[in-house]
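One letter stands for each residue in the lines below.
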Amino acid sequence: MESILVLTHTALSSETEADSGAVLTRASLEALSAGIELAARLGAPLAIGIVAVDAQSAAAAVSSAGARLLGVSGESFGQPRYSTDAAACEALCRAAQATIVLAPGSSRFARVAAGIAHRLGGVIDTHVTALAGTTTIEASRWFYRQRVEAVLSRDARPWFLLLDSGTHAAFAGDPAPAQVELVAVQLPQPRTEVSGLRAPSHGAQTIRPDAKLLFVAGAGWTKKQPDGQTHVTEAADLILGFLRGSGASLGSSKSLVDQTGENQQVLPFLTHLNQIGQTGATPRHRKGLSTCCYGEEPHVVGWRFISERRAINLDPNCGWARGKADVVYIANAFQVMAELNRLLNPGP
Amino acid sequence: MATALHIVVCAGIVPDPLQTLEPAGGPGAPALKNEMALPAVLDPWAASALYEAAALVAKNPGSKLWLVSLGPKAKLQQVMMTVAQKVAFELVPIDGLIGGFPDAHSTAAVLAETIAALPGLDRERLLLFGGWESATRGAGITLQLVGERLGITDQFQGVDQIELRDDGSFEVLERVEGGKHQVSVCAGTPAVLGWATGNLAEPRNNPQIGMANMRAIMPALQKATPASLEANGLHYISVALPKQQRTTRVVKDLTPHEIAAELAAWIGAE
């Protein structure tokens, strides 16, 4: 019979103001929802493992899940770091003796989960988007950068499954005082110190994972316009104006970001962190608006998890017109975005 | 004072991103249709790792760079004809399966065994590089597993920058949620760094570097050790392309103002 452990962690103290380092991350609560569903389906016992400075406080949010609560506490766990996180998770897994370990695919756990699986003689799959099966566990995940979807199972145990964020609703039970079994951890002497988080140094923070809308800027923004000139400054103003008015997150095609390294005139706020697609991120937003992009396969990959998609393009034969977007407007993006900004940012 | 580094880059080969992919072989032994015929490139994020590694080697005299790559010999040779012109390295080829479907744990075991046996490698000076995820399996676990097998417990993933200091320590920027970087300082080698894009542009082709590299690459390819990858109890139940063909409305006859009004309403709608 299977037994399930859901590994969770708190946010880094400066990650979000609301979390303050004492609250479990949303991705952790999503993994817990997945664990509760799976435990109910398999009739398996469920445990929750918490990595936090103060696991007892953090556990209040999940006490109503009705699961065994295990935790590691200490200042060392306030910083995401391979050596200490791996030791903490290894100790929690050994204490829980679970056959299935679910965890959020956060940067923190993605850094260490494979190492822990190896230490426990187990196996791991990441970027899991769904868990199915009644007697066995069938995990769905994408291969070839979201271009091929597979369902797989494994015989080996423990089996670690890292879940992509946004694939399950976050657990939302009433907070209540909880009794946590604190697990002792043999910590190695850390050789790595985390000094904090750094935002891109290009001014505006343009990546907003919680935004409803993803705005994608393609290479066309820096190409010559009908007057034979480039208008990069105007493009930058239009894009930033739209981000201000709409609250959208900014994604970019690889070609536009790569111009930074090719000494071409570039949009100053773009970095590789904005890049989506084959060699970038595959973000999850409800809506997406693409401008000056082309419908090549690498771009489509970046849009895989966008539910409602619209695009503005001068080319009616663009790949977007072939079943990738819901609506394609054949128009000059400079003109449309200027009008759109007037509607979204009405003057005094 | 410069630090002499031993940098090992693990990099696979992947189908050119512009190619259309189609699964074949069924769930028992999934593969891509015409996989061996598809043009291949060095895995993009691993290629970033290779260029960053070469830049570090250039800045730190006495350093050495190995490129460990697992794939069919013929495909490796094809890809190396291009990669070898970019930066100088010693190729350590392993003749094995191509693609994203073989088990990552088996791949990691083969890579770790190969790296551990590299002649002249000083593991105390080792920086193990690779892409943080491949463009095939995309799991982000292989490099981590290799690191664990080699006993390296300072690991960083989604790396965009490393800055070596005079005392041998280094600062690393890793991608985390929200478009930010986590900043860490590691006391020194050995360490594992899974690279994202980094900050370097792709080096221009240099035929002289290519000629020098290929003199060693061809004999290495001929002597490439064959590796078999065990399934480790991994079963594929289905492998398929996503069915997401949309009915697209192509709007050609609206003014920019009308389009903007329609978009504003769409953006504002719940």
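Attention in this report is confined to the structure presented alongside it. It should be emphasised that the depicted structure is a prediction, and the values quoted were computed from it without experimental measurement.

1. Some details on the overall build of chain B
A count of helical and extended segments in chain B gives 6 helices and 15 strands. Each principal axis of the C-alpha atoms in chain B carries an extent, and together these give about 65 × 45 × 40 Å. The buried share among the 270 residues of chain B stands at 47%. Partitioning the contacts of chain B with sequence separation of at least 6, the portion at a separation of at least 24 is 78%.

2. Here's the deal with the overall build of chain A
Scanning chain A from terminus to terminus reveals 8 helices and 15 strands. Evaluated residue by residue, chain A yields a buried proportion of 56% over its 348 residues. Here the contacts in chain A between residues at least 6 apart in sequence split such that 68% fall between residues at least 24 apart.

3. Some thoughts on unusual backbone geometry
A cis amide bond links arginine 157 of chain A to the next residue, proline 158 of chain A, at an omega of 0°. Considering the arrangement of structural elements, one finds proline 158 of chain A in the loop between strand S7 (148–154) and strand S8 (159–163). Each neighbour pair has its own omega, and for threonine 189 of chain B with proline 190 of chain B the value is 0°, a cis peptide bond. Tracing the sequence through the fold places proline 190 of chain B in the loop between strand S11 (180–186) and strand S12 (191–195). Located in the positive-phi region is tyrosine 144 of chain A, a residue other than glycine, with phi close to 50°.

4. With respect to the interface of chain A and chain B
Across the contact, 78 residues belong to chain A and 72 residues belong to chain B. Along the lines of polarity and charge, the residues of the side of chain A that touches chain B split into 38 nonpolar, 21 polar and 19 charged. In terms of strand pairing, S7 of chain A meets strand S14 (residues 234–240) of chain B through 6 bridges, oriented antiparallel. Each bridged residue has a counterpart across the sheet, and for valine 151 of chain A the counterpart in S14 of chain B is serine 238 of chain B.

5. Topic: the pairing of strand S10 (residues 170–176) of chain B
Residue and element names in this part refer to chain B. Buried residues dominate S10, accounting for 6 of its 7 residues. The sheet contact formed by strand S9 (residues 155–164) and S10 spans 5 bridges and is antiparallel. In the sheet register, leucine 164 faces S10, and the bridge partner there is phenylalanine 170. The hairpin turn running from S9 into S10, its antiparallel successor, is 5 residues long, and glycine 168 in that turn takes a positive phi close to 95°. In terms of strand pairing, S10 meets S11 through 7 bridges, oriented antiparallel. When the bridges of S11 are listed, glutamate 174 appears paired with glutamine 182.

6. Side note on the packing of helix H4 (residues 107–119) of chain A against helix H4 (residues 142–149) of chain B
For the pair H4 of chain A and H4 of chain B, interaxial distance at closest approach is 8 Å and the crossing angle is 45°. Considering the angle they form, H4 of chain A stands oblique to H4 of chain B. Like other packed secondary-structure pairs, H4 of chain A and H4 of chain B cross with a definite hand, here right-handed. Contacts between H4 of chain A and H4 of chain B involve Ala114, Gly115, His118 and Arg119 of chain A from the former and Gln144, Leu145 and Glu148 of chain B from the latter. Partitioning the contact of H4 of chain A with H4 of chain B into residue classes produces 2 nonpolar, 3 polar and 2 charged.

7. Some details on helix H3 (residues 104–116) of chain B
All names here are of chain B. Look at H3: 18 Å from first C-alpha to last across 13 residues, which is about the 18 Å you get at 1.5 Å a residue. For H3, the buried fraction is high: 10 of the 13 residues fall into the buried class. Turning to H3, its buried residues are Ala104, His105, Ser106, Thr107, Ala108, Val110, Leu111, Ala112, Thr114 and Ile115.

8. A closer look at the environment of glycine 71 of chain A
Residues and elements named next belong to chain A. Relative to the helices and strands, glycine 71 is located in strand S3 (residues 68–73). When the 25 C-beta atoms within 10 Å are taken as the criterion, glycine 71 is described as buried. Sequence spacing of glycine 71 and proline 226 is 155 residues, and the spatial spacing of their C-alpha atoms is 62 Å.

9. Structural notes on the sheet that holds strand S4 (residues 100–104) of chain A
The strand order S9(A)-S3(A)-S2(A)-S1(A)-S4(A)-S8(A)-S5(A)-S6(A)-S7(A)-S14(B) describes an open sheet built from 10 strands, whose pairing is mixed. Two strands close off the open sheet at either side, each with one partner strand: strand S9 (181–182) of chain A together with S14 of chain B. The pairing of S4 of chain A with S8 of chain A spans 5 bridges and is classified as parallel. Bridging across to S8 of chain A, valine 101 of chain A finds its partner in phenylalanine 160 of chain A. This element, helix H1 (residues 26–42) of chain A, spans strand S1 (4–9), strand S2 (46–52), S4, strand S5 (123–132) and S8 of chain A of the sheet and lies at about 170° to S1 of chain A.

10. Structural notes on the packing of helix H5 (residues 232–246) of chain A against helix H8 (residues 333–344) of chain A
When two helices pack together, their arrangement is captured by the angle between the axes and the distance separating the axes. All names here are of chain A. Where H5 meets H8, the closest approach of the two axes is 9 Å, and the angle between their N-to-C directions is 35°. As for how H5 packs across H8, the hand of that crossing is left-handed. Across the interface between the two elements, Glu234, Leu238, Gly241, Phe242, Gly245 and Ser246 of H5 pack against Phe334, Met337, Ala338, Leu340, Asn341 and Leu344 of H8. Partitioned by chemical class, the residues of the contact of H5 with H8 number 7 nonpolar, 4 polar and 1 charged.

11. Comments concerning the environment of serine 69 of chain B
Residues and elements named next belong to chain B. When you line up the elements, serine 69 lands in strand S6 (residues 64–71). Among the residues examined, serine 69 registers 26 C-beta atoms within 10 Å and is labelled buried. Taking C-alpha positions, serine 69 is 5.3 Å from glycine 12, a pair spaced 57 residues apart along the chain. Among all residues touching serine 69, those that are not within four sequence positions of it are Ala11, Gly12, Ile13, Leu76, Leu91, Pro93 and Ile94.

12. Regarding the sheet that holds S11 of chain B
Taken together, 10 strands build an open sheet; the order of strands is S10(A)-S11(B)-S10(B)-S9(B)-S12(B)-S8(B)-S1(B)-S6(B)-S7(B)-S13(B) and the sheet is mixed. Bordering the open sheet on either side are strand S10 (192–198) of chain A together with strand S13 (225–226) of chain B, each of which pairs with just one other strand. Judged from the 6 bridges that link them, S6 of chain B and strand S7 (residues 90–95) of chain B form a sheet pairing that is parallel. Counterpart to serine 69 of chain B in the pairing with S7 of chain B is proline 93 of chain B. Along the sheet, H4 of chain A contacts S9 and S10 of chain B; its crossing angle with S9 of chain B, the most-contacted strand, is approximately 105°.

13. Description of helix H1 (residues 44–59) of chain B
All names here are of chain B. The terminal C-alpha atoms of H1, which comprises 16 residues, lie 23 Å apart, in line with the 22 Å expected from a rise of 1.5 Å per residue. Considered for burial, the residues of H1 that qualify are Pro44, Trp45, Ala46, Ala47, Ser48, Ala49, Leu50, Glu52, Ala53, Ala54 and Val57. Buried residues along H1 sit against strand S1 (6–10), strand S5 (40–42), S6, strand S8 (126–131) and S12.

The rules we used
Residues numbered from 1 in each chain as written. Chains lettered and ligands numbered in written order. Predicted model: local features only at pLDDT ≥ 70, side-chain atom pairs only at ≥ 80, totals over all residues. Helix = DSSP H or I, 4+ residues; strand = E, 2+ residues; numbered from the N terminus. Buried ≥ 20, exposed ≤ 12 C-beta atoms within 10 Å, placed from the backbone. Contact = placed C-beta atoms within 7 Å. Nonpolar A, V, L, I, M, F, W, Y, C, P; charged D, E, K, R; others polar. Pairing = 2+ DSSP bridges. Axes fitted to C-alpha atoms, helices over the stretch in contact; angles between N-to-C directions. Parallel < 35°, antiparallel > 145°, perpendicular 65-115°, else oblique. Left-handed = near helix turned anticlockwise from the far one by under 90°. Expected span 1.5 Å × (residues − 1).

Function cannot be read off these values alone, since they describe shape.
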